Amino acid sequence: MSSASAIQTLSTTLLPFPELMIIGRIIMALFSPLSDAALILYLQECAPTHLRGTLSSLFSTGYAVTCLIGMPLGHESLLGHSLPLLLFIPFPVGVLSTIFLVWMPETPKYLMITKRDREGAIRALDFFQGKKADHESTLEGLTQEMMNNSDTKSGDGSLKSLLTTPHLRRAMFLSISALFLTLPFYPILQSSTHFFTTIGIDRPRAQIQSTLLMVLLTISCLISTSLMDIIPRRKLLLTFASLAYSSLFVFSLAAQFDYPNIATVAVFSFLLAYGVGIGPVAWCLSPELVPLSHRSIMFCICYASHSILVVITNFMTIPLFDIIGGMCFIPIFIVPAFLLILLLYFYLPETAGRETHDIIHELRCAGKIGGEKRPIGA
């Protein structure tokens, strides 16, 4: 990522070749999703069970903070007038981050379950959680997960086993369903000024409102960080998803029938609900639903599916908004979202404060107790 930033900077200064800019963008596009996946998996595996959600939510908080910083930096009065400076900013940050990561150890789960390195896992636990007496109980839980990985029919961590093993396939569909709920955020993030001006708000006010949206997103993600391990994640996701899509429905109607002030309040309400209960929860779900051997492939499949859906819905939303107005959000996002919220209500297990092997056991049972089906998480 730092190399990509350096290449793009060089393409606008010392070596002004457009091919270099294209190469830099390709490298950035390849490694940005990889670093996102590695970050979420690392945060989950180094955290104690009771703080797993809190640490995982830092991914969304960091994303919101960087958006908040990047938006004003791109203004003409700051760095918007100088493309080389704007492209160079990530380089020193990336170099310092890379040096810091060299100092970081592997996660206890990886060392214990994959490498079978008990001593290394203890050292990692000392590093991440401090030297305390209950490391043995943590290791017992990791040993139980390791035994479950060996004894159960979860396959070898391949894509084939993910797609052919029923409870893993079920986990994948639930994870993608949760990630679908994040989709309206991206056209709103990228084109909020356009939406505001289209419904009759003057451009200076629309730009201010777009900046305030990023401030609200950052605040809401910080709120979510404090709630992730206090409120059950099922309740957090389902409650705030329902509120978010109700707000988006109000925005669609207000934008369609020329009520710009109501539409503005609805967009802010949507982003508040998204930051508190959708984004942070949806992104941390997929690694919690599968064993360690499948987490990387699971997250990559979910990330790839999400990226494809983002591209499709983004390309649909802007032109349709210009043609038919705010009603375009209803068939693209709102109707599918409420159907998926219903699906998640019946089949998504609670993950907060639970060990992975316990969650997998519930998924494997497919909500059956005594031969009778019941909703998972009920």
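Residues numbered from 1 in each chain as written. Predicted model: local features only at pLDDT ≥ 70, side-chain atom pairs only at ≥ 80, totals over all residues. Heavy atoms only, no water.

**Some details on the pattern of salt bridges**
For side chains of opposite charge, pairing can occur when their charged atoms come near one another.
Here comes step 1: A full pass over the atoms with the stated rule returns three salt bridges.
Here comes step 2: Of the charged contacts in the structure, one is a salt bridge between Glu288 and Arg233, with a shortest N-O distance of 2.7 Å. Of this pair, Glu288 sits in helix α16 (residues 260–288) while Arg233 sits in helix α15 (residues 233–256), and the two are 55 residues apart along the sequence.
Here comes step 3: Judged by relative accessible area, Glu288 falls into the buried class, the value being 1%.
Here comes step 4: By relative accessible area, Arg233 is classed as buried at 2%.
Here comes step 5: Residues Arg354 and Asp358 are paired through a salt bridge, measuring 3.0 Å at the closest nitrogen-oxygen approach.
Here comes step 6: Members of the salt-bridge network, linked through shared partners, are Arg354, Asp358 and Glu362. (Salt bridge = Lys/Arg side-chain N within 4 Å of Asp/Glu carboxyl O. Helix = DSSP H or I, 4+ residues; strand = E, 2+ residues; numbered from the N terminus. Buried < 20%, exposed > 50% of the residue type's maximum accessible area, 1.4 Å probe, protein only.)

**Points about the nonpolar core**
Here comes step 1: Among the nonpolar cores identified, the biggest contains 76 residues, and Leu181, Tyr245, Leu248, Phe251 and Phe329 are the most heavily contacted of them.
Here comes step 2: Ranked by the residues each element gives to this core, the list is headed by α16, at 14 residues.
Here comes step 3: In this structure, Phe251 is in contact with Ala263, Ala266, Val267, Phe321 and Phe329, ignoring residues within four places of it in sequence. (Core = buried A, V, L, I, M, F, W, Y, C linked by side-chain atoms within 4.5 Å. Contact = heavy atoms within 4.5 Å.)

**Considerations on helix α2 (residues 18–46)**
Here comes step 1: Taking 1.5 Å per residue as the helical rise, α2 with its 29 residues ought to reach 42 Å, and the 41 Å between its terminal C-alpha atoms agrees with that figure.
Here comes step 2: Regarding α2, the residues found buried are Gly24, Met28, Asp36, Ala37, Ile40, Leu41, Leu43, Gln44, Glu45 and Cys46. (Expected span 1.5 Å × (residues − 1).)

**Here's the deal with the packing of helix α1 (residues 2–11) against helix α7 (residues 90–103)**
Here comes step 1: Here α1 crosses α7 at 155°, and the two axes come no closer than 8 Å. On the basis of their axis angle, the class for α1 and α7 is roughly antiparallel. As α1 packs across α7, the resulting crossing turns out to be left-handed. Here α1 contributes Ser2, Ser5 and Ala6 to the contact with α7, which in turn contributes Pro90, Phe91, Gly94, Val95 and Thr98.
Here comes step 2: Of the residues contributing to the contact of α1 with α7, the split by class is four nonpolar, four polar and no charged. (Axes fitted to C-alpha atoms, helices over the stretch in contact; angles between N-to-C directions. Parallel < 35°, antiparallel > 145°, perpendicular 65-115°, else oblique. Left-handed = near helix turned anticlockwise from the far one by under 90°. Nonpolar A, V, L, I, M, F, W, Y, C, P; charged D, E, K, R; others polar.)

**Points about the side chain of Arg354**
Here comes step 1: With respect to the helices and strands, the residue Arg354 is situated in the loop between α18 (329–347) and α19 (356–365).
Here comes step 2: For Arg354, a relative accessible area of 17% gives the class buried.
Here comes step 3: In terms of polar contacts, Arg354 uses its side chain to reach the backbone carbonyl oxygen of Glu350, at 2.7 Å.
Here comes step 4: Polar contacts involving the side chain of Arg354 include one to the side chain of Glu362, which spans 2.7 Å. (Polar contact = N/O pair within 3.5 Å; in protein donor to acceptor, adjacent residues only side chain to side chain.)

**Some points on the confidence of the model for the protein chain**
Here comes step 1: For the protein chain, the mean per-residue pLDDT works out to 84, and 92% of the residues sit at or above 70.
Here comes step 2: Every residue in residues 368–375 is under pLDDT 50, and counting partners more than four places away or in other chains gives seven contacts. (pLDDT = per-residue confidence, 0-100.)

**A look at the packing of aromatic side chains**
Here comes step 1: The tally for this structure, following the rule as stated, stands at 21 aromatic pairs.
Here comes step 2: Seen in terms of ring centroids, Phe321 and Phe329 are 6.2 Å apart; in terms of plane orientation they differ by 85°. Their pairing is edge-to-face. Like Phe329, Phe321 is buried.
Here comes step 3: One aromatic cluster is present, built from ring pairs that chain together Phe185, Tyr186, Tyr245, Phe270, Tyr274 and Phe338. (Phe/Tyr/Trp six-rings, centres within 6.5 Å; stacked < 30°, edge-to-face > 60°.)

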